[in-house]
Amino acid sequence: MFASLGRALMFFFDPALFGIVLKALLLTLVLFVALLMGAEYALHLLPTLGSPVVNHALELLAPIILIMGLFAAGAPVAAVFASLYLDKVADAIEARSYASDPKASGMSIAAGLGAGARLMGVVLVADLLLLPAGVFLPGAGQILTIMVNGFLLGREYFELAALRHISRNAAEALRKRNAARIFGGGLIISVLTAVPFADLFAPLFGAALMVHLYQRVAREANT
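Residues numbered from 1 in each chain as written. Predicted model: local features only at pLDDT ≥ 70, side-chain atom pairs only at ≥ 80, totals over all residues. Heavy atoms only, no water.

Trainee: Provide a residue-level description of the environment of G150, including the pertinent values.
Mentor: By the secondary structure assignment, G150 is in helix α6 (residues 140-162). For G150, a relative accessible area of 0% translates into the label buried. C-alpha of G150 to C-alpha of G186: the two residues are 36 residues apart in sequence and 4.2 Å apart in space. Other than its neighbours up to four places away in sequence, G150 contacts F183, G186, L187 and S190. (Helix = DSSP H or I, 4+ residues; strand = E, 2+ residues; numbered from the N terminus. Buried < 20%, exposed > 50% of the residue type's maximum accessible area, 1.4 Å probe, protein only. Contact = heavy atoms within 4.5 Å.)

The following block contains the structure:
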């Protein structure tokens, strides 16, 4: 897993892949701005809440609330972004690092978005269920949330990478045989999603990590 981790980190410093990194970060920025504009517009449509001052205060606070919300919902956001990034990141990495392998068929946009939406839902429900633990067990609750998100993110990121090459049944079987390594990778992604600003890079890093990890365990399975 550490070899895959090192190769995933090099993804950010490879000049040949800089365009992919830049486009992904710009997409993150565009999505954030779109969310901010949508929130501001929704607040603008609200009826007067007792006094116009209340509405104006909400509009001014909306960017701060949204930023805090995105940081708090780092794992669900990473789940959605995984579906947007992974195929392009995987294409770039595999073309550069695994050029001799057969080209992957990839996933359709609909399939990728569906997988991302499904994961976002699961992670969001898990985080909501664990919210009382975070409130009543400070520290321990947050650690438990990171571990649960690590399992969910690791599983889905790995399967998204694997499904570019093999069937769902084969991907699930490969994941189960390498559960510890995949959980370790997911745990790193989960920690990054909980750190402000690092969570912007977490989906890219997670995609790169799981592409390399899939390639490694697939080769081990064939030897």
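Next comes the rest of the account.
Trainee: Residues and numbers for helix α9 (residues 198-221), please.
Mentor: For α9, which comprises 24 residues, the first-to-last C-alpha distance of 33 Å matches the rise-based estimate of 34 Å (1.5 Å per residue) to within 8%. At L204, α9 is bent by approximately 30°, the largest bend along its length. (Expected span 1.5 Å × (residues − 1). Bend = angle between axes of the 7 residues up to and from the residue.)

Trainee: Go over the side chain of R175 with me, naming the residues and quoting the values.
Mentor: Tracing the backbone through its elements, the reader meets R175 in helix α7 (residues 168-177). Within the structure, R175 has its side chain in polar contact with the side chain of E159 (distance 2.7 Å). Those residues in contact with R175, other than ones at most four positions away along the chain, are R155, F158, E159 and I182. (Polar contact = N/O pair within 3.5 Å; in protein donor to acceptor, adjacent residues only side chain to side chain.)

Trainee: Tell me what's going on with a nonpolar patch on the surface, and back it up with residues and numbers.
Mentor: Where nonpolar side chains cluster on the molecular surface, the patch consists of F18, L22, L26, L29, V33 and M37 and spans about 580 Å² of accessible area. Inspection of the secondary structure assignment puts F18 in helix α2 (residues 18-45). (Patch = residues over 30% accessible without salt bridge, like charges linked within 9 Å, V, L, I, M, F, W, Y side chains within 5 Å. Areas by Shrake-Rupley, 256 points an atom, 1.4 Å probe, with all protein chains shown as cover. Salt bridge = Lys/Arg side-chain N within 4 Å of Asp/Glu carboxyl O.)

Trainee: Please give an account of the pattern of salt bridges that cites residues and values.
Mentor: Counted according to the given criterion, the structure contains 7 salt bridges. R175 serves as the salt-bridge partner of E159, at 2.7 Å between the closest nitrogen and oxygen. Residue E159 is found in helix α6, and its partner R175 is found in helix α7; the two are separated by 16 residues along the sequence. For the pair E159 and R175, a shared accessibility class is recorded, and that class is buried. Salt bridges sharing common partners tie together D91, E94 and R164.

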